[in-house]
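# A look at the structure
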Amino acid sequence: HNIILLHTAKPKVSINMGACCCREEDSHFEAHFEAHSSDSSFSEEAEQKSALEFVSRFNAGGDASISLDSSRKHLPNNDFHVLARIPIPQGHTLKMAVLRGEWREEAEEGGMKKTMSVISLVAFRGDEEQEVVSFTSVTPHEWDNFALELSLETIASMMPGDVIEARVKVCSKGHLVHLRSAALQASCDVEAVKELVAVKLDSSQIEKLKNDLPNIIQTRKFPKILENISREDVNTVFGFELLELLTTCSAELDEDRMVFKREEIITKLERFELFFKWAMEKYAREPFLDKGTYAWFCEETNSAVSEITEKLINEFARLVDVKDTVAIQKIVALHHLGLADDRFNVHEIDLSRITRQHEFERETAILVIQMWADSKINPNSWDFKPSSLKQAAFCLQALDQAQSHTQISTRFKSDNDVFMGLRDWIAEIAGIDSGSIDPGTGHGDANVVSYKPLSSIFNKAYIRRGQMRAASILGDLRRATFYVKTQDELDHIARNLEKAFPDNYKKKIDKWKGNCIDQLHEIAKLESVTLKSGSSVTIYRFKANSSQKEKSVKSVYNLNFFIGKPNFYSTGMKNHYITACEIQIGLTSEINGLREDHEPYERQRILESLPLLAAYKEGHCHTGANPDFDYDSIKRALFKRQFPHIDRRKTYNFSYKPPDGVIMGTETHRQLPRGLKIINDCCFDSWSSCGSIVCWEKNDLDPRVVHSVEELFVDIADQGWGNKGLLFGLAMQVGPDLVMLSVRGFHDAERELYTNQGGIFLVRNSYNFSAFSDKTIIPRGVSKIMIIACGRVCNYGHEMYYRGHQIRITVIKEKYTDV
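First things first, this report covers the structure right here in the doc. (Residues numbered from 1 in each chain as written. Predicted model: local features only at pLDDT ≥ 70, side-chain atom pairs only at ≥ 80, totals over all residues. Heavy atoms only, no water.)

### What to know about the sheet that holds strand 25 (residues 737-746)
As summarised here, the arrangement of the 4 strands in space is 22-29-24-25, forming an open sheet in which the pairing is antiparallel. With partners counted over all chains shown, the strands left at the sheet margins are strand 22 (692-698) and strand 25, one partner each. The mean inter-strand angle of the sheet, taken between neighbouring strand axes irrespective of direction, is 20°. Relative to strand 29 (residues 785-791), strand 24 (residues 726-734) is paired through 7 bridges, and the arrangement is antiparallel. (Pairing = 2+ DSSP bridges. Helix = DSSP H or I, 4+ residues; strand = E, 2+ residues; numbered from the N terminus. Axes fitted to C-alpha atoms, helices over the stretch in contact; angles between N-to-C directions.)

Below, the structure written as structure tokens:
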């Protein structure tokens, strides 16, 4: 059942088979070998010709295993040594492929400054790599364990004729890599795989399916005629988007596959149409924090997203005087493709030919929830949960109840003190009495700050969402209005503010053209001012209000600034926002006039921003518009903006264990540097400022590409009894600060999970539990990620033990990201 092929074209290479056996009774194959050379120079040609290629066939039980020990030297061109290959025969379906064992890297002469060698597990289709899973050596001269597995998506896509390969690259001249107890193993379903024959649907069946589609999606009751569906019928019945989701988009299946199974289509339809139902199907029973299971948090966030989307889109529709909210949703999605430029005649588009963009709406709602709630939640609560798990309930409460600003935010007083301190600073540099700048509250200095409403944030994020290149700035999340009685006083204030920070203003960071990481770096360089209260404020823009554009004498100005450091939030592929604060300062009469006319003014701004919406209101873009318009190209453009196309040839697995076996909470030398701030999770930031442990960091991600985290499993635990108090997560460094990509608390449910599986998933099969998303995007410009733990990590009976982790990171194909 098993065949070994040894290709040795160079007579100077000898093969020492330490052990070789083929036992039919247990259907197990083993081959141990060592490669020796009498040519110490190891030329490139000689080494390539002498490379051993071991090919194993599957036995009757559907298993193939090649166990091998070897030593490998550096190749002059840094090429790979092929260690073993396993082809998938006809009639077999791959179930598992793993490369595991121990290895050690050493230098032949002298010491070793750093380790660089790589061992890889590769899936091939012909000459094309489908997935590459790699592991880089960690500790020089010491044996280290490695375990590489192909992803479930790649395993599902492997077909007869495809090949699994193990290979190693020795990256430094004079280095050796030793392998021991190393094995390439695979397992297959050996039952004959019947060739799928597509059911051919007639026109009446297709029409009925289209009409029944909403009910089919809700009930998961698919007609039996859809057991095997052709590529053509998938596209006709369910649309281009589902076909993309089944093939190139998720890279789960072969791009050229012609037939799809019923369950595959049901799963992808739920993912596309009913995201939270799809997530619940997969993870509802996952033990999670103090609520028992993940279902509670998922349902709560689903409720918040649904209610916010419905209420705020209806409010948006009322504002622009359009009754068809679905048309608005399509128009806004199309707006972000640049359809207002000269390449398109917006009047020609038939909106009925465009699919409703559920992904766009859901990600916008989650982005709005993050921005609005994170700045108001009490960060010092003792429940040790990520901010993202509290935000949905907080927003639902605000939507259901008419609350004052003091009730909304637990941080109102500190915000209020900063705004009043800034008023005093403005008066000081202008040389006027602070009493001349009236907060207009009618209560002296109290209750100056107001918070931008959810509906207003939604309007801005919905229309002017950030791009992968840079983040948009929501400049008035916290805001206040100061009134001045005379034009002379206002002119004096304006002249002094205009010359206060000229270098800051020249940066125009709100109009940034580069990526969001460089944008945050530039913000960190801006000059700041320290108020008498001790708070730091960075003013980045001072300009006349847009209502004053045509006026020679300006009567209203806007001052935008950050309190301390900016906050940064992101969702999905291309949605990045930085939040800031605003003071509007002007003549009392002029500001009151703006208040009276604000709604027509806002409506006009929206219509100017959305020419397609203006065209729709004028009677264009309805059913029957130009049928020759390139709708397929538009659909593809919409889809690729929202779904990552993973390059399986660039998939990296990092498995790490601390040098001493465990990191404990008492190891203060691994704490975050003082002043490094978490800028998207107020709870994690609050506890990390009290003490945090850097468990692991990687400094060499390629900043030129966009990465996606597909899996993260962390071996971390607390003392296992008593009160809870541990937060941990994956962070990326953006500019000078940190953004949490995924966070989890360690409660009773996590103690149960740890007992059962020896660690905790933060991201599993691409699903990020704390972000409620199957996209964990590391944007271009990021080169450093780390795993951090904080909270009650030591003392008073509390303990923290980190013993390592496994993380899988992929690269998104370049053509699906902004250049």
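### Focus: the pattern of salt bridges
Scanning the entire structure with this criterion turns up 34 salt bridges. Between E286 and R744 there is a salt bridge, with the nearest N and O atoms lying 3.7 Å from each other. Of the two residues, E286 sits in the loop between helix 7 (275-283) and helix 8 (295-320) while R744 sits in strand 25, which places them 458 residues apart along the sequence. Overall, the relative accessible area of 8% leaves E286 in the buried class. Put simply, R764 and E286 hold a salt bridge, and the shortest N to O gap is 3.8 Å. Here R764 is found in strand 26 (residues 760-764), whereas its partner E286 is found in the loop between helix 7 and helix 8, with 478 residues between them in sequence. (Salt bridge = Lys/Arg side-chain N within 4 Å of Asp/Glu carboxyl O. Buried < 20%, exposed > 50% of the residue type's maximum accessible area, 1.4 Å probe, protein only.)

### A look at the pairing of strand 5 (residues 93-107)
Taken together, the 13 bridges between strand 5 and strand 10 (residues 175-189) define a ladder with antiparallel strand orientation. Directly across from L94, in strand 10, lies its bridge partner C188. Where strand 5 and strand 8 (residues 144-149) come together, 6 bridges link them in antiparallel fashion. Along strand 8, the bridge assignment pairs G101 with F146.

### Let's talk about helix 8
In this model, helix 8 (26 residues) spans 37 Å end to end at C-alpha, consistent with the 38 Å of a helix rising 1.5 Å per residue. Of the residues trailing helix 8, D321 is marked for its positive phi of about 60°. (Expected span 1.5 Å × (residues − 1).)

### Focus: the packing of aromatic side chains
Overall, the coordinates contain 24 aromatic pairs when judged by the stated rule. Aromatic pair F288 and Y294: ring centres 4.9 Å apart, planes at 65°, arrangement edge-to-face. For F288, a relative accessible area of 1% puts it in the buried group. Given the relative accessible area of 0%, Y294 is considered buried. Consider the rings of Y767 and F769, whose centres lie 5.5 Å apart with planes at 85°: the pair is edge-to-face. Each member of the pair, Y767 as well as F769, carries the same accessibility label: buried. Here the aromatic residues F275, F276, W278, Y283, F288, Y294, W296, F297, Y767, F769 and F772 are joined through ring pairs into a cluster of three or more. (Phe/Tyr/Trp six-rings, centres within 6.5 Å; stacked < 30°, edge-to-face > 60°.)

### A look at the pairing of strand 18 (residues 567-571)
Taken across its 5 residues, strand 18 has 4 buried, putting it largely inside the fold. Relative to strand 19 (residues 575-587), strand 18 is paired through 5 bridges, and the arrangement is antiparallel. Across the sheet, T571 pairs through a bridge with N575, a residue of strand 19. Between strand 18 and strand 19, which pair antiparallel and follow one another directly, the connecting turn spans 3 residues, one of which, G572, has a positive phi of 60°.

### Examining the nonpolar core
I328, L334, L613 and Y767 are the most contacted members of the largest nonpolar core, which totals 74 residues. Considering each element in turn, this core owes the most residues, 11 residues, to helix 8. With 49 residues, the next largest nonpolar core counts I679, V714, I778 and I809 among its residues. (Core = buried A, V, L, I, M, F, W, Y, C linked by side-chain atoms within 4.5 Å.)

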